[in-house]
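A closer look at the structure
Each chain is listed here by its residues.
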There are 2 protein chains.
Amino acid sequence: MEVSHIHYQSIGVVHSPFTQQAGTPVQPSHDNASQGMIEIAPQYLEALQDLAGFSHIWVLCHLHQARQPKLAVTPYLDDKPHGLFATRAPSRPNPIGMSLVRLQKIEANRLYVQELDLLDGTPVLDIKPFVSQFDNREHSQCGWFETAANNVTQADDRFE
Amino acid sequence: MEVSHIHYQSIGVVHSPFTQQAGTPVQPSHDNASQGMIEIAPQYLEALQDLAGFSHIWVLCHLHQARQPKLAVTPYLDDKPHGLFATRAPSRPNPIGMSLVRLQKIEANRLYVQELDLLDGTPVLDIKPFVSQFDNREHSQCGWFETAANNVTQADDRFE
């Protein structure tokens, strides 16, 4: 299998109250109060047209603070290790974050969002609208999450 | 705003019946019959542990056939242009695909999937489990999709 080398450039940056992984919400849905702003580079202003009609957006980003990947990790929500690709841990071969946040309002190139779980300064790679007909699954099996041992809502420093 | 330069390497490749964008399903949920296989590089075998317990997985991939980005696009599902970031069109500044597929079975480093909408040969960047408590949103507003003009299920060649 041929390995592809892929180069991206950030299209924006996350402004967030969280400056370290410890204490940051584990996933967006766990913390409705956390607010932040996503600043999109001005040259992409036109690409934000019509985005304000969506209540939720996917923020794809480069998890710049993630540690070197490990193939098995003990995630926040459990007390035993799982294969990395069966977790949402940030320390991945390509540390791409996929964060579903609530869009409050847009002012020019600034997206004000809630339910944020990203660190301040995180480079943004892409913004996609959340589309319920594409992204919701009514019936799904969620593996070890269904019997996970822990119910934590905030990260610690294990992946820093 | 500082621009970050980001380098990734593929962790696998998509094997799919679709060799060109025209005729490929527009989104995974639109075509339950399309099957394919995701071949993960053997060095990541251990990272697939426990993934088989999930019915759906997110495939993050590099849309290698996408055209140069345009800031406004007329998507398949509508007949007027929208800002790129308010669409799921493939021709993006960083052409990262986010595809939600049904996981049938895993054999060693091969993930057999259904509801696939990716082209053959697409480099895979990451695999994440679909977790309903993180990824489902019961109440959402989906902008122009809610009144979209078209109900197409297959792509044409506009983004090739």
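Residues numbered from 1 in each chain as written. Chains lettered and ligands numbered in written order. Predicted model: local features only at pLDDT ≥ 70, side-chain atom pairs only at ≥ 80, totals over all residues. Heavy atoms only, no water.

The name an unreviewed UniProt entry assigns to chain A is tRNA (N6-threonylcarbamoyladenosine(37)-N6)-methyltransferase TrmO, from the organism Shewanella electrica.

Structural notes on the pattern of salt bridges
Heads up, the condition is: A side-chain nitrogen of Lys or Arg and a carboxyl oxygen of Asp or Glu constitute a salt bridge if their distance falls within 4 Å. Secondary structure elements are taken from DSSP: a helix is a run of H or I of four residues or more, a strand is a run of E of two residues or more, and numbering for both begins at the N terminus. The cut-offs for exposure are 20% and 50% of the maximum accessible area for each residue type, with area from a 1.4 Å probe on protein chains only; residues under the lower value are buried, those over the upper are exposed, and the others partly exposed.
Counted under the stated rule, the structure contains 10 salt bridges over all chains. Across the pair A:R92 and B:D126 runs a salt bridge whose closest N-O atoms are separated by 2.7 Å. Residue A:R92 is located in the loop between β6 (82–83) and β7 (96–107), and its partner B:D126 is located in strand β9 (residues 123–129); the two belong to separate chains. Salt-bridge contacts for B:D126 lead to B:K128; the nearest nitrogen and oxygen are separated by 3.0 Å. A single burial state applies to B:D126 and to B:K128, both of which are buried. Among the charged side chains, a salt-bridge network with shared partners connects A:R92, B:D126 and B:K128.

A closer look at the relation of the copies chain A and chain B
Both copies of the chain are related by a screw-like operation: a rotation about an axis and a shift along it. To keep it simple, the criterion reads: We place the copies in one frame by least squares, fitting the C-alpha atoms of every residue whose pLDDT is at least 70 in both. Residue contacts are defined here by distance: any two heavy atoms, one from each residue, within 4.5 Å place the two residues in contact.
When chain A is fitted onto chain B, the two copies agree to an RMSD of 0.0 Å after a turn of 180 degrees and an axial shift of 0.0 Å. The transformation just described matches what one would write down for a two-fold rotation axis. Of the residues that chain A buries at the interface, 100% are likewise interface residues in chain B, meaning the two copies contact each other through the same surface.

Quick notes on the environment of B:N151
With respect to the helices and strands, B:N151 occurs in the segment after α1 (132–135). Here the alpha-carbon distance between B:N151 and B:S132, two residues 19 residues apart in the chain, equals 26 Å.

A short note on the pairing of strand β7 (residues 96–107) of chain B
Residues and elements named next belong to chain B. Where we set the bar: Criterion used throughout: strands pair if DSSP finds at least two bridges between them.
Pairing geometry for strand β4 (residues 56–62) and β7, over 7 bridges, is antiparallel. Bridged to H56 within β7 is R102. Pairing of β7 with strand β8 (residues 110–114), which is carried by 5 bridges, proceeds in the antiparallel orientation. Its bridge partner lying in β8, L103 is registered against V113.

Points about the sheet that holds strand β4 (residues 56–62) of chain A
For the record, the criterion: Only the stretch in contact is used when a helix axis is fitted, and all axes are lines through C-alpha atoms; the angle between N-to-C directions ranges over 0 to 180 degrees.
What the 6 strands build is a closed barrel, ordered β2-β3-β8-β7-β4-β9 (chain A); its pairing is antiparallel. When strand polarity is set aside, the average angle formed by the axes of neighbouring strands in this sheet is 45 degrees.

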